[in-house]
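# Inside the fold
Spelled out, the chains give:
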Amino acid sequence: MVGRRQGKTGVAADGDAGVGKRCSSENLREEKDAGERSREWLGPGRSEGRLCEDELQRGNMDQTQNWGDMSPQLEKVAERAKRESFATFHSLVHYITPALLGECFHRQRVDAAVGIDGVTKKCYGFSLEDNIRDLHERLRGKRYRHQPIKRVSIRKETGGMRPLGISAFEDKLVQDAIREVLSAVYEQDFLNCSYGFRPGRGAHDAIRALDNAAQKGWANWIMEADIRNFFDSVPHERLLEIIRKRIRDGSLERLIGKCLKVGVLEGEELSASEMGTPQGSILSPLLANIYLHQVLDLWFEDEVKPLLRGRAELVRYADDFVMCFEREDDARRVFDVLPKRMGAYGLELHPDKTQLIPFTRPTREQKNGKGPGSFDFLGFTMYWKHTRNGNWMPAFQTRSSRLRRAIVRIGEYCRRNRHLPVKEQHLGLSRRLRGHFNYFGVNGNIDSLNQVFWNAKHLWVKWLRRRSQRKRPWEHFKKMLERFPLPTPRVTVQIWRK
């Protein structure tokens, strides 16, 4: 049984967690047999959760599930939540069953970073049935203790550092199970303006919504907003208060509180906070949607839009959002009151990144330029493009900082892996290009894709030449590229409506 280990800081879990230990080589050799036992226990048709190329391209987005994966019991909860929009649920924690925890296990990535316990999916799966049963008994007996979250930092595009939280593997299962139970209720409440981390929705749908608003003339003014350190600023008590309006299950609230208020381990220093949801946690995106659904979505739909003189639309992806307005006076009124609304819920808008942008469609007489303004959203820059027939239409291109970052990362990959066989380099480089093209391959963005493709080809050749002191001509590498062709740029996502 996989338990918990005590690190240098002396942090250990309470309750009957067993003796913590690392996964041994003998355990790994017997992993195949354990996988067979776990599939028999969970029933037919279950996935082994093996890593595939698509998972590498999708990344953490795999945590968003389809409704077809929901259990029949949770489907009934979802049906009631949709039917009774003001109903309060008093008993939901019992839907966290061993079968649900087993499903959560198979959804976890094989190559995911490990928390402070050092337990991987392979190790946990060695005695999966025993581990799941023990975890479920501790949850039922209220003896489950969430381990501290390991904090790591990654560099932002602006030069700062973004903190990410990595939970222990067992805690990921509990977070995923809570997420599925909460989603059964709140997916029925969320509005159409919310696109982030939701089943059947994604960033491209948000881009289509912006395109639709601009085409209809509802986006003459754009409010580009940025919430400063959102994931570190959410007050725990305010969030739990919002959840209590829909769910009054003390046991489930206790589990959510454990996920929120658990300490953060950075190096050997353990700290706790009454604010924030760990960025990188499985549960954090849903909690962010719940909080902003109350703070922003409902407020904009029920209180703001009825008072406006023109049309307005909100498009939100997690904590990133833009507001579209038909009239300038409406835009300025909301621009003045939005900081007060955010402040009432413990949030703050970044003063330098929150601005009003004129975005009126240019007239047919204007033949050059890109319209009165442009703005960035979800890695794209939206602007007005002059078409061949003389009209103007909204268009999207890769944001300049994202374009530079993609090229730099491709160069770093080629440099670090130039010692590998060409076939292995080709596989890794093709996977990265394909992932980039799948996301940024929208209508009208082919020039940006070509830049990435051209730089990838020449950077690969550059670092292959560094493997030897012999100077090979370009014709030699042309033959190599014919043998190992890279994915070519193409439009993979249709944004414009035909």
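This is a predicted model, so every value here is computed, not measured.

Procedures and definitions
Residues numbered from 1 in each chain as written. Predicted model: local features only at pLDDT ≥ 70, side-chain atom pairs only at ≥ 80, totals over all residues. Heavy atoms only, no water. 1 Å grid on protein atoms, 1.4 Å probe; cavity = no way out; pocket = protein on both sides within 12 Å on 5 of 7 lines; lining within 4 Å. Points joined across faces, edges and corners; volume = space filled by probe spheres on them. Helix = DSSP H or I, 4+ residues; strand = E, 2+ residues; numbered from the N terminus. Nonpolar A, V, L, I, M, F, W, Y, C, P; charged D, E, K, R; others polar. Pairing = 2+ DSSP bridges. Axes fitted to C-alpha atoms, helices over the stretch in contact; angles between N-to-C directions. Contact = heavy atoms within 4.5 Å. Parallel < 35°, antiparallel > 145°, perpendicular 65-115°, else oblique. Left-handed = near helix turned anticlockwise from the far one by under 90°. Buried < 20%, exposed > 50% of the residue type's maximum accessible area, 1.4 Å probe, protein only.

### Describing the layout of surface pockets
- The calculated volume of the second largest pocket comes to roughly 410 Å³.
- Residue assignment for the lining of the second largest pocket shows that the elements contributing at least two residues are α4 (72-83) and α13 (284-304).
- Sort the elements by how many residues they give to the lining of the second largest pocket and α13 lands first, with four residues.
- Considered class by class, the residues forming the lining of the second largest pocket number six nonpolar, four polar and four charged.

### A look at the sheet that holds strand β9 (residues 375-377)
- An order of β9-β10-β11 is seen for the three strands of this open sheet, with the pairing classed as antiparallel. With partners counted over all chains shown, the strands left at the sheet margins are β9 and β11 (392-398), one partner each. Pairwise comparison of adjacent strand axes, ignoring direction, gives a mean angle of 40 degrees for this sheet.
- With seven bridges connecting them, strand β10 (residues 380-386) and β11 associate as antiparallel partners. Across the sheet, residue K385 finds its bridge partner in β11, namely M393.
- Packed onto the sheet, helix α9 (residues 203-215) meets β9, β10 and β11 and runs at close to 155 degrees relative to β11.

### Quick notes on empty space enclosed by the protein
- Using the criterion set out here, one finds four cavities of 30 Å³ or more in the structure.
- Roughly 60 Å³ of internal volume is contained in the largest cavity.
- In terms of residue class, the lining of the largest cavity is built from six nonpolar, four polar and three charged.

### Some thoughts on the packing of helix α5 (residues 98-107) against helix α8 (residues 169-186)
- Orientation of α5 relative to α8, taken along the N-to-C sense of each, is 115 degrees, at an axis distance of 9 Å. As summarised for this structure, α5 and α8 are arranged roughly perpendicular, according to the angle between their axes. Here α5 runs over α8; the crossing is right-handed. Counting all contacts with α5, which are made through L100, L101, C104, F105 and R107, the residues of α8 involved are F169, L173, D176, A177, R179, E180 and V181.

### So, unusual backbone geometry
- The phi torsion at F197 lies on the positive side, around 55 degrees, for a residue other than glycine.
- Of note, F197 is situated in the loop between α8 and α9.
- Relative accessible area serves as the criterion here: at 30%, F197 is assigned to the partly exposed category.
- We note that A318 has phi near 55 degrees; this positive angle belongs to a residue other than glycine.
- Examined against the element boundaries, A318 turns out to sit in the loop between β6 (312-317) and β7 (320-325).
- For A318, a relative accessible area of 4% translates into the label buried.

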